[in-house]
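One-letter residues, chain by chain:
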Amino acid sequence: MIAELYKATFETIYMIFFSGFLATIFGIPLGVGLYMSSRSKKYNKVYFILDTFVNVFRSIPFIILVLLLIPLTKKVIGTIIGTNAAVFNLTIAAIPFMARLSENSFNNLPGGIVDSAKSMGMTNWQFVTKVLLPETLAEQIANITVLLINLVAYTAIAGAVGAGGLGQLAINYGYYRFQWDAVLYSVIILILISQGIQFLGNRFSNLFRR
Amino acid sequence: MKEIIRAEDLVLSYGKGNNRRIILDHINFSLSEGQIFGIVGLSGAGKTSLLRTFNLLNTPDSGKIVFDGIEITSLDDVKLREIRKKIGVVFQNFNLFRSKTVIENIAFPLILDGTSKKEAFKKVSAIAEELGLSHRLNAYPSQLSGGEQQRVAIARALITDPKLILLDEPTSSLDPLTTKKILNLVLEINERHNVTFIVVTHEMEVVKRICDSVAFLKFGKIDFLGSTHEFFIKVENGDIEDFGEKIEEEILPELIAEFDKNHIFRVIFWGENTKKPVLWETAKKFDIKINILYGKIEKFKLGNYGSLIIEVEGKGIEEFVEELRNSVYSIEPLRIF
Ligand SMILES: Nc1ncnc2c1ncn2[C@@H]1O[C@H](COP(=O)(O)OP(=O)(O)OP(=O)(O)O)[C@@H](O)[C@H]1O
Ligand SMILES: [Mg+2]
C-alpha cells in the first residue's frame, strides 16, 4: 500500500500543479480581459460576454462539469480517465476561478495609481505589463495559492471519477474495501499538501509586498 | 504670447440623476505659454477636479479644453495619449507605483517612451540630486516619508520636460526649507524651459512666490481671475471671502481709532514704484505729514508688492492724494470701518 500511496501522492501533486499552472497562464489573461473591458465603454459588450462565460462556468458544480466535458476530454486527451484527463477538467474549472480572483485584485488597485498611469499616456499593453501586473504581483501570488488549495479539494473529487491520485485511493480503499487506514493516510497527505502550499504561498507573496 | 491652454465653458458633475452634483460651473480662462497659474480656493471648491479635467482624467459634461492649439476634449484615445505625454502631473496624494523603486518611478515615463535604462537613470540622477533624493534612489515608496514621496512625484513629472505641468498641492507635506527649494526649482524650470505650470494650492506663500496669475474657485465657479497682485489687494480688502489675511486682521484697531478716519489711506505699491521715494517726495511737495500705521513689502514672482496704511495731516490732502495716485499703484481711503 505504501507504494500505492506514493504513486497517488505524486499523481495528486502533478494534477494540482499542472492544472494550477495552466489555469494561471490562461486565467490571469482572462482576468486582465475582464478588468480592461469593464473599464472601457467601447468594449462593454466584450465584458458582458466574458463575464457571463465566467459566471456560467463557475456555477456548474465540478462533478457535473466533468460529465459535461466528457466528449471534449475524449477528443482532446484521448481518454476520460487518468491524470491527464483530470488535468484537463481541472484546468477548465479553474480558469474562470482564477480569472475572477485576479480581476478582483486588479479592481483593488488604487484609483490613484491608475490615474498616474493614464496621465503618462501609456498604451494598454504598457499599462498591463508595466503597471497592472507588477503592482498586483503579491496579490496574484496569494490568488494562485488560493487556487492551488482549491485544486487540492477538486483533485480529490476528480479521484471519484477515475482521475487517480489520493482521492481515488481513498475511495477505492475506504468506500469499497473499508480500509480506513488508507483513507486516513490520504487525508493526512492532502492536509500536508495544503499546508505546504499555503506556507510557501504566503512566504512568496510577502516577498513581493511593498 | 502664445496660448498654451484654454478652458471654454467647462461643466463637470459627479453622480447621476438625483445624485448629480455640479462641481465645476462654466469655467473659462486662457493661459499663455510660460505662465505659472495658481488655482486657489477652500477645501472642496473643486480645485483638484478642475486640474484633473486638464488632461481629461475627468471628462467634462460640456465645454472645451484646447491645449497647444488642439481641442483635446474630442480626441480619440491614441491622440489623447500623445497629448498626455506632454502634460506632467503631480497628484495630491502622489500616486507613486508601489512596486517600483524611487529611481524606477522617476525614470518610468522615459522608459515608456523607449529611452534606454542607462540613459534614463542618468537623467534621474541629475534631477534627484537637485531634489535631495540621491540617497533614497533604491527605496520603495512605502519606505519614504510624505515629503520624500512628494519630491519623487515632482521629479517624475519633470523628467520628460513636458510643456505643461499640473501640480496639486505640491508643497503640502514639505517643511519650509524644502518648500522653498521646490518653489525655486519650479521657477527655474519655468524660466529655463518656458514650461507652463498650473498649481493648486492652499498656501499664500506659494501663490506669492511663483504665480503670475490666479483663479479663485468658489463652489465650482471662478470667483476671481487675474494677476497675483490684484488678487492680494482683494484678499487684503476682504473682497475674497474666507481666504487669506484681511488687512484689518493685521493692523491694530486701537491705533487707527486714535485718528480721523477720513485721513487714513491705503497705498499699494507694485513693481517699479516700490523702489522710489515717491511718498516722501509728494508729501514734501504739499507739506503733508505722514504717519505710517502699517506697512509691508513682499517679493512676488513678477515684482515687489508693497502695502501701506498711512494717516496724513496737513492742508492740501486732496491734492496730495491726487498727485500720489499717479505714482503709486493705488491709493484709497481705508474702507474697513
Ligand atoms: N470622484 C468623486 N465622486 C463624487 N464626488 C467627488 C469626487 N471627487 C470629488 N468629489 C466632490 O467634489 C467636490 C470637489 O472636490 P475636489 O477634490 O475637486 O476639491 P478640492 O478643491 O481639490 O479640495 P481640497 O482642497 O480639499 O483638495 C467635493 O465636494 C468632493 O466631495
Ligand atoms: Mg484637492
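All figures in this text were calculated on a predicted structure; none of them were measured in a lab.

Draft legend 1. Spotlight on the overall build of chain A. Broken down by element type, chain A carries 9 helices and 0 strands. When the helices and strands of chain A are read in sequence order from the N terminus, they spell out α-α-α-α-α-α-α-α-α. For chain A, the C-alpha atoms occupy an extent of roughly 65 × 40 × 25 Å along the three principal directions. Relative to its full complement of 210 residues, chain A shows a buried share of 47%.

Draft legend 2. Quick look at the site of ligand 1. Residue and element names in this part refer to chain B. The full set close to ligand 1 counts 14 residues, and Ser43, Gly44, Lys47, Thr48 and Ser49 are the nearest of them. One of the backbone N or O atoms of Ala45 is found 3.2 Å from an oxygen atom in ligand 1. In the environment of ligand 1, an oxygen atom lies 3.0 Å from a nitrogen or oxygen atom belonging to the side chain of Gln92. Protein contacts shield 62% of the accessible area of ligand 1, which totals 630 Å² for the unbound molecule.

Draft legend 3. Structural context of the sheet that holds strand S11 (residues 264–270) of chain B. Residues and elements named next belong to chain B. One open sheet holds the 4 strands; their spatial order is S12-S13-S11-S14, and the pairing between them is antiparallel. Edge positions in the sheet fall to strand S12 (289–300) and strand S14 (330–333), since each of these pairs with one other strand and no more. Across the sheet, the axes of successive neighbouring strands diverge by a mean angle of 15 degrees, strand direction being ignored. Helix H12 (residues 317–327) rests against S11, S12, strand S13 (303–313) and S14 of the sheet, and its axis sits at about 150 degrees to S14.

Draft legend 4. A look at the sheet that holds strand S2 (residues 21–32) of chain B. Residue and element names in this part refer to chain B. Pairing in this open sheet of 4 strands is antiparallel, and the strands run S2-S1-S4-S5 from one edge to the other. Each of the sheet's edge strands pairs with one partner strand only, and the pair in question is S2 and strand S5 (70–71). Relative to S5, strand S4 (residues 62–67) is paired through 2 bridges, and the arrangement is antiparallel. Considered in S5, the bridge of Phe67 is made with Ile70.

Draft legend 5. A look at the domain arrangement of chain B. Residue and element names in this part refer to chain B. The domain architecture assigned to chain B consists of domain 1 (3–237) and domain 2 (247–333). A straight line from the C-alpha centre of domain 1 to that of domain 2 covers 38 Å. Taken together, the contacts link 17 residues of domain 1 with 13 residues of domain 2. Of the roughly 1200 Å² buried between domain 1 and domain 2, counting both surfaces, carbon and sulfur atoms make up 49%. Ranking the residues of domain 1 by area buried against domain 2 places Lys208, His229 and Glu236 at the top, with a combined share of 52%.

How each quantity is defined
- Residues numbered from 1 in each chain as written.
- Chains lettered and ligands numbered in written order.
- Predicted model: local features only at pLDDT ≥ 70, side-chain atom pairs only at ≥ 80, totals over all residues.
- Heavy atoms only, no water.
- Helix = DSSP H or I, 4+ residues; strand = E, 2+ residues; numbered from the N terminus.
- Buried < 20%, exposed > 50% of the residue type's maximum accessible area, 1.4 Å probe, protein only.
- Near = heavy atom within 4 Å.
- Polar contact = N/O pair within 3.5 Å; in protein donor to acceptor, adjacent residues only side chain to side chain.
- Areas by Shrake-Rupley, 256 points an atom, 1.4 Å probe, with all protein chains shown as cover.
- Pairing = 2+ DSSP bridges.
- Axes fitted to C-alpha atoms, helices over the stretch in contact; angles between N-to-C directions.
- Contact = heavy atoms within 4.5 Å.
- Domains from an automatic or database assignment.
- Buried area = accessible area lost by both parts, 1.4 Å probe.

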